[in-house]
Amino acid sequence: MAPGINPRVLKVGLAISTFLLAMNSVAAQSVIVDAAPSHLVNTFSPPHSLGAAIDRLRTGTPDKLLADPMLKEILGAGWQTVTYRQNTELMVEAWHWNPNGKWSDAEKQQGYFVGNADPAAEMIRHSWAAPLPHRGFSRGDGNGWSRLTDGDPKSYWKSNPYLSKAFTGEDDSLHPQWVMIDLGSKVDVNAIRIAWAEPYARRYFVQFWTGEMEPFYDGTTKGTWQTFPLGAVSEGRGGTVTLKLVSWVVPVRYLRILMTESSNTCDTHGSADKRNCVGYAIDELYAGALSADGQFNDYVTHFPSRQQTVTWPSSVDPWHAASDMDESRGDQVGFDFFFTSGITRGLPTMVPIAMLYSTPEDAANEIAYLFKRHYPISWIEMGEEADGQHMLPEDYGALYLQFATAIHKAVPEAKLGGPPFEGTFGDVEVWPDAAGKVSWIGRFVDYLKAHGRLDDFTFFSFEHYPYQDKPTYSWADLYPEPEFVSHIVQVWKDNGLPPGIPFFMTEGNIGGGAGPSSVKSALWLADYVGSMMAAGAGATYYFHYMPSPDHPAGFLMIDQNYHLLGYPPQYLATQLITQEWVQPTDAPHRQFKAASDVKDAAGTVLVTAYAVERPDKKWSVMLVNRDQYNDHAVKVVFADPESKHDRYFSGPVDRITFGSSEYQWHQEGVGGHADPDGPLSRSTVSGAREMFYQLPKASITVLRGSVASPTTQNGH
């Protein structure tokens, strides 16, 4: 059944009013809105603050998704502004945002590609990417693999030249580059063999990780990198070198080669471009044990696929060739098609630049192109998920400043920010610096301050996937969401986010098993949006906005011919949030904190609440009843701790609900269908001081109406 205006208005207005007024007040509990004007927590405009994210799409699908009738259905949910995601960074690819441009080595169609800044008559309808041939990652998105353990002596990893002194202006020791080997489990090691390419490291350190957990994420601060007794090399000469690291053996799983001084010799691409002659390069890595007679036993699996021994690098050179382009890996959607399709609604859009695997000139041309086209741009995200690529904040900062300089030379008014972080429950931490500081955001901000460039950082962005790594999740996983949001925002503020800088959640969803079989994901979405805006976010952007025929947990259920099959719970919840809780109009909404005392025996809050004062002067309270088995009745109080006067809804109160009564899934083999599949339920009740509002089990309810002044309600 199509959503929208409900043709089946429930005939319960008078009955509900009578029933609620007659309820035993002892059984009902309260929702308290802190409506003191000075306690305002956020002011936002829905068209600019409640949006969705669009990522790279499967090759051949943009023409079907970004055109009617599918586009009309997508827009019908009500998300407004959009953010364009930069997926090629996650794939370790060079993005050709404009297929027309110039190669640094034009004759051989290779090197560093820079897209044209000047618009042409033909629109950019598609944009593709090239997997980087000097990749050092064995893992990550896509199906790429490392050249460090691929068994091919002709292939090599190379670090990003823009992190060398020639471009940073800083000594290479301030931006040490590294490669890490994961042997899979602890084994006794006493030697390493490095087949250096050009340029090689003159000074480097071979180290092992002392912790039990991996050196990233949860294990970052649970160990240290310790240099082997014989692992320090101060006069490296390249070639293939076998180093005995210790006179005994050490059981290790993770090894790292930390490089601080380059030979600055030129790689296989020649000396014509200085980018070929800085940084570090390695053909192949071997690690194992060296016997007394000099025989080297290698523990590394060398294979040109993900079956190889896992390696991680600090950075990757964006050098590539036209022959590396691969259109089968997905379409980032050409900017002209994107902006003219209607998906942006003509609203200012957050756009990205590729930064981790690109060049400043290419990024500057991209932004210049968009401004020359007069497309409405709100903010510009600098790179994508640098923390997920294990880039240290100082390296990100060095790239950030180079790219910011180039962009502002072309478009001085461009507003830049980032990083954006991957979804996380706590602060993003990295290996300690010399002062022992581990906060990624804190050290990035420190880097900008030290260079007098904090003004180039105009917003902070991050992603939010609380259950991304869980294949399924339980109903109880709904409960921590508001605390997850408030905690992480406070952590970033405590660890160095500059006061007053706007922050945006630019891509997120519940992750895990958010399938269509229950309304769990819908309840999570309401809690997430309400709590993120209550935490002061400038905007939130829903991800998985684009449906897919093979993704039943997507935003819309469609068949292989892109015909609509049904409206999953998050689609219907979006309508409630964007069209009922707020007004879909470009005008300020004032949000205030709200809390309930509806708890279970363990003290778990079962009903959460989010209150806004709308431009139409009505108050709108979104209530999420996370109790999957029981209805609850609540009294809604608008408290003012300053004036000491409480207020209440008065007169007609709109009551709009989506929950387990409006959506019921019927399993059919591996698939199924929903019946009912919406629409939202609507009724009108009479607001009053003693009114108790019924919240159905497993539901989201918006109460919307006028709030009388204390004088009127007290009868004075």
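Residues numbered from 1 in each chain as written. Predicted model: local features only at pLDDT ≥ 70, side-chain atom pairs only at ≥ 80, totals over all residues. Heavy atoms only, no water.

Colleague: I'd like a rundown of the overall build of the protein chain, residues and numbers included.
Modeller: A count of helical and extended segments in the protein chain gives 13 helices and 38 strands. The C-alpha atoms of the protein chain give a radius of gyration of 28 Å, which matches the 27 Å a tight globule of 716 residues would have. C-alpha extents for the protein chain along the principal axes are approximately 95 × 60 × 55 Å. Burial statistics for the protein chain: of 716 residues in total, 59% are counted as buried. For the protein chain, contacts bridging at least 24 residues in sequence account for 79% of all contacts bridging at least 6. (Helix = DSSP H or I, 4+ residues; strand = E, 2+ residues; numbered from the N terminus. Rg over C-alpha atoms; globule rule 2.2 N^0.38 Å. Buried < 20%, exposed > 50% of the residue type's maximum accessible area, 1.4 Å probe, protein only. Contact = heavy atoms within 4.5 Å.)

Colleague: Provide a residue-level description of the pattern of salt bridges, including the pertinent values.
Modeller: Applying the stated criterion across every chain, the model contains 28 salt bridges. Where Lys-158 meets Asp-317, a salt bridge forms, and the shortest distance between an N and an O atom there is 3.1 Å. With a gap of 159 residues between them, Lys-158 in strand E9 (residues 157-158) and Asp-317 in the loop between strand E18 (310-313) and strand E19 (320-321) connect regions that are remote in the sequence. Taken as a pair, Lys-158 and Asp-317 share a single burial class, namely buried. Each of Arg-85, Glu-381, Glu-384, Glu-463 and Glu-507 takes part in a single network of salt bridges with overlapping partners. (Salt bridge = Lys/Arg side-chain N within 4 Å of Asp/Glu carboxyl O.)

Colleague: Please give an account of the environment of Met-180 that cites residues and values.
Modeller: You can see Met-180 is positioned in strand E10 (residues 177-189). Each C-alpha atom, one on Met-180 and one on Phe-208, is 9.3 Å from the other, the two residues being 28 residues apart in sequence. Among all residues touching Met-180, those that are not within four sequence positions of it are Pro-215, Phe-216, Trp-225, Tyr-254, Leu-255, Arg-256, Val-310, Thr-311 and Trp-312.

Colleague: Report on the packing of helix H11 (residues 520-534) against helix H12 (residues 569-581), specifying residues and quantitative values.
Modeller: When two helices pack together, their arrangement is given by the angle between the helix axes and by the axis-to-axis distance. Taken N-terminus to C-terminus, the directions of H11 and H12 make an angle of 35°; their axes are 8 Å apart at the nearest point. Considering the relative orientation of H11 and H12, their crossing is right-handed. Only Pro-569, Gln-570, Ala-573, Thr-574, Ile-577 and Trp-581 of H12 make contact with H11, whose side of the interface consists of Ser-521, Ala-522, Trp-524, Leu-525, Ala-526, Val-529 and Gly-530. Taken together, the residues that form the contact of H11 with H12 break down as 9 nonpolar, 4 polar and no charged. (Axes fitted to C-alpha atoms, helices over the stretch in contact; angles between N-to-C directions. Left-handed = near helix turned anticlockwise from the far one by under 90°. Nonpolar A, V, L, I, M, F, W, Y, C, P; charged D, E, K, R; others polar.)

Colleague: Before we move on, can you summarise helix H8 (residues 393-410) with the specific residues and values?
Modeller: For H8, built from 18 residues, the straight-helix expectation of 26 Å at 1.5 Å per residue is met to within 8% by its first-to-last C-alpha distance of 25 Å. With respect to burial, H8 is a largely interior element, 14 of its 18 residues being buried. (Expected span 1.5 Å × (residues − 1).)

Colleague: Tell me about the state of the cysteines, and please be specific about residues and values.
Modeller: Structurally, a disulfide amounts to a covalent bond that connects the sulfur atoms of two cysteines. The full count for this structure, using the stated rule, is 1 disulfide. The disulfide partner of Cys-266 is Cys-277, and the gap between their sulfur atoms is 2.0 Å. An S-S torsion of about 100° defines the bridge between Cys-266 and Cys-277 as right-handed. Here Cys-266 is found in the loop between strand E15 (250-262) and strand E16 (281-290), whereas its partner Cys-277 is found in the loop between E15 and E16, with 11 residues between them in sequence. (Disulfide = S-S within 2.5 Å.)

Colleague: For the sheet that holds strand E12 (residues 201-209), give the residues involved together with the corresponding values.
Modeller: Taking strand neighbours across the sheet as the criterion, the 5 strands line up as E13-E12-E15-E10-E18 in an open arrangement whose pairing is antiparallel. Both edges of this open sheet fall to strand E13 (225-233) and E18, since each of them pairs with a single strand only. Direction aside, neighbouring strands of the sheet carry axes that sit 25° apart on average. Here E12 runs beside E13; their pairing, made up of 5 bridges, is antiparallel. The residue bridging Phe-205 from the neighbouring strand is Ala-232, located in E13. (Pairing = 2+ DSSP bridges.)

Colleague: Any chance you could break down the sheet that holds strand E28 (residues 589-592) for me, citing the residues and the numbers?
Modeller: Across the sheet, which stays open at both edges, the 7 strands sit in the order E2-E28-E30-E31-E38-E33-E36 with antiparallel pairing between neighbours. Unpaired on one side and paired on the other, strand E2 (42-44) and strand E36 (681-687) mark the two borders of the sheet. This sheet shows a mean twist of 25° between the axes of neighbouring strands, independent of strand direction. Judged from the 7 bridges that link them, strand E30 (residues 607-613) and strand E31 (residues 619-625) form a sheet pairing that is antiparallel. Within E31, the residue paired with Glu-613 across the bridge is Trp-619. Taken strand by strand, H11 contacts E2, E28, E30, E31, strand E33 (649-659) and strand E38 (699-707), and its axis lies near 135° from that of E31.

Colleague: Now, about the side chain of Asp-640: what can you tell me, with residues and values included?
Modeller: Among the structural elements, Asp-640 can be located in the loop between strand E32 (632-639) and E33. Although Asp-640 is buried, it makes no salt bridge; Arg-647 carries the closest opposite charge, 6.0 Å away. Within polar-contact distance, the side chain of Asp-640 engages the backbone nitrogen of Glu-642 at 2.9 Å. (Lys, Arg positive; Asp, Glu negative; His and termini not counted. Polar contact = N/O pair within 3.5 Å; in protein donor to acceptor, adjacent residues only side chain to side chain.)

Colleague: Tell me about the pairing of strand E1 (residues 29-34), and please be specific about residues and values.
Modeller: A regular strand places its side chains on the two faces of the sheet in alternate fashion. Pairing of E1 with E32 involves 6 bridges; the strand directions are parallel. Each residue of the ladder has a partner; that of Val-33, found in E32, is Phe-638. Examined bridge by bridge, E1 and strand E29 (residues 594-596) share 3 bridges and lie antiparallel to one another. Looking across to E29, one finds that Ile-32 is bridged to Ala-595.

Colleague: Give a description of the nonpolar core that names residues and reports values.
Modeller: Formed by 193 residues in total, the largest nonpolar core has its most connected members in Tyr-400 and Tyr-545. When residues no more than four places from it in sequence are discounted, the contact partners of Tyr-400 are Met-355, Met-382, Leu-416, Gly-417, Phe-444, Leu-448, Asp-456 and Phe-457. In terms of nonpolar packing, the next biggest core, distinct from the first, is built from 9 residues, Trp-379, Phe-459, Ala-539 and Phe-543 among them. (Core = buried A, V, L, I, M, F, W, Y, C linked by side-chain atoms within 4.5 Å.)

Colleague: If you had to explain unusual backbone geometry to someone new, which residues and values would you point to?
Modeller: A cis geometry characterises the amide bond from Pro-419 onward to Pro-420, with omega recorded as -10°. Within the element layout of this structure, Pro-420 appears in strand E22 (residues 416-421). The peptide bond linking Gly-678 to Pro-679 adopts the cis configuration, its omega dihedral lying at 0°. If you trace the backbone, Pro-679 turns up in the loop between strand E35 (671-677) and E36. The backbone phi angle of Arg-345 is positive, close to 60°, even though this residue is not glycine. Mapped onto the fold, Arg-345 is located in the loop between helix H6 (335-340) and strand E20 (349-353). Take Arg-345: its relative accessible area is 33%, and that puts it in the partly exposed class.

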